[in-house]
Amino acid sequence: MPTVPVFNQNGQEVSSLSLPDSIFSHEVNQHAMWTVVRAQLAARRAGTHETKTRRYVSGGGKKPFKQKGTGGARQGSTRAPNHVGGGKAHTPHPRDYTHSVNKKVRRLALVSALSLRAGEKKLVLVDSLSLTGIKTKTVAQLVSRFGARKALLVESRENRNLVLSARNLATSKWLAPEGLNVYDLLNHDTLIMQASTASALADRLSRTVR
């Protein structure tokens, strides 16, 4: 089991925590992470883009000019795509962009992302993330104290002081443990959480059927 140091909010090491190899020291599967990130980003797309084809554009019921004798190409409607104000051809229409990813791949991708951060020494465990008040500056100092440029703070939503203090950070982000996902893990260079949260996360992922 990898042993990760546990710090206090001042950056001083106070203890250590052993985490299971199967969760925090797993072989990193790049393809699984790519698959899940692609699915996450695709699911964000609304898919509501729409344009009118010629059948939805009003007018154009009358042939604009006679078939022969004009010297020009024959035309059947002013609402054809080649006319100004006409319908559009080969344009997007509403669709669902979501990709289906099975549970085993999603779990493998999350475990791979956690193992990647742990292997890079970018997993920071603290004994407590409790704050005495709502102060963004306090959280910003905490993030910089551990050398993080973009930190992902994983903490329960019941910790209102932290949640409200972190929401104004320019680059770092708060996330509830149940919302931890591959995209946010990879999009932030450092993962900061309480030691108890890491233990609970390891326990939850260890119970997942493989």
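Look up a bit, the structure's there.
Because the structure is a prediction, the values reported are computed rather than measured.

A few points about the overall build of the protein chain
Each helix and strand in the protein chain was counted, giving seven helices and six strands. For the protein chain, the spread of C-alpha atoms along the principal axes amounts to about 95 × 40 × 25 Å. Burial statistics for the protein chain: of 210 residues in total, 39% are counted as buried. In the protein chain, of all internal contacts separated by at least 6 residues, the share reaching a separation of at least 24 is 66%. In the protein chain, 33 side chains carry a positive charge and 13 a negative one; their mean positions are 20 Å apart.

Comments concerning the pairing of strand β3 (residues 123-126)
Burial along β3 is two-sided: the residues Leu123 and Leu125 and Val124 and Val126 are all buried. In this sheet, strand β6 (residues 190-194) lies alongside β3 in parallel orientation, the contact comprising four bridges. Bridged to Leu125 within β6 is Met193.

Some words on the side chain of Asn159
In this fold, Asn159 is placed in the loop between β4 (151-154) and α5 (160-166). A distance of 3.1 Å separates a polar atom in the side chain of Asn159 from the backbone oxygen of Leu129. Separated by 3.1 Å, the side chains of Asn159 and Glu155 make a polar contact. Ignoring anything within four residues of it in the chain, the contact list for Asn159 reads Leu129 and Ser130.

Things to note about unusual backbone geometry
Its identity is not glycine, yet His90 carries a phi of approximately 55°, on the positive side. Locating His90 in the fold gives a position in the loop between α2 (30-43) and α3 (103-119). Residue His90 is classed as exposed on the basis of its relative accessible area of 85%. Even without being a glycine, Lys121 presents a positive backbone phi close to 60°. The residue Lys121 is located in the loop between α3 and β3 in this model. Judged by relative accessible area, which is 71%, Lys121 ranks as exposed.

Looking at the environment of Leu191
Along the chain, Leu191 falls in strand β6. Of the residues examined, Leu191 reaches a relative accessible area of 1% and is grouped as buried. Note: C-alpha distance between Leu191 and Gly71 (120 residues apart in sequence) is 72 Å. Excluding anything up to four places from it in sequence, Leu191 contacts Leu114, Lys122, Leu123, Val124, Leu152, Val154 and Leu185.

Quick notes on the rules
Residues numbered from 1 in each chain as written. Predicted model: local features only at pLDDT ≥ 70, side-chain atom pairs only at ≥ 80, totals over all residues. Heavy atoms only, no water. Helix = DSSP H or I, 4+ residues; strand = E, 2+ residues; numbered from the N terminus. Buried < 20%, exposed > 50% of the residue type's maximum accessible area, 1.4 Å probe, protein only. Contact = heavy atoms within 4.5 Å. Lys, Arg positive; Asp, Glu negative; His and termini not counted. Charge placed at Lys NZ, Arg CZ, Asp CG, Glu CD. Pairing = 2+ DSSP bridges. Polar contact = N/O pair within 3.5 Å; in protein donor to acceptor, adjacent residues only side chain to side chain.

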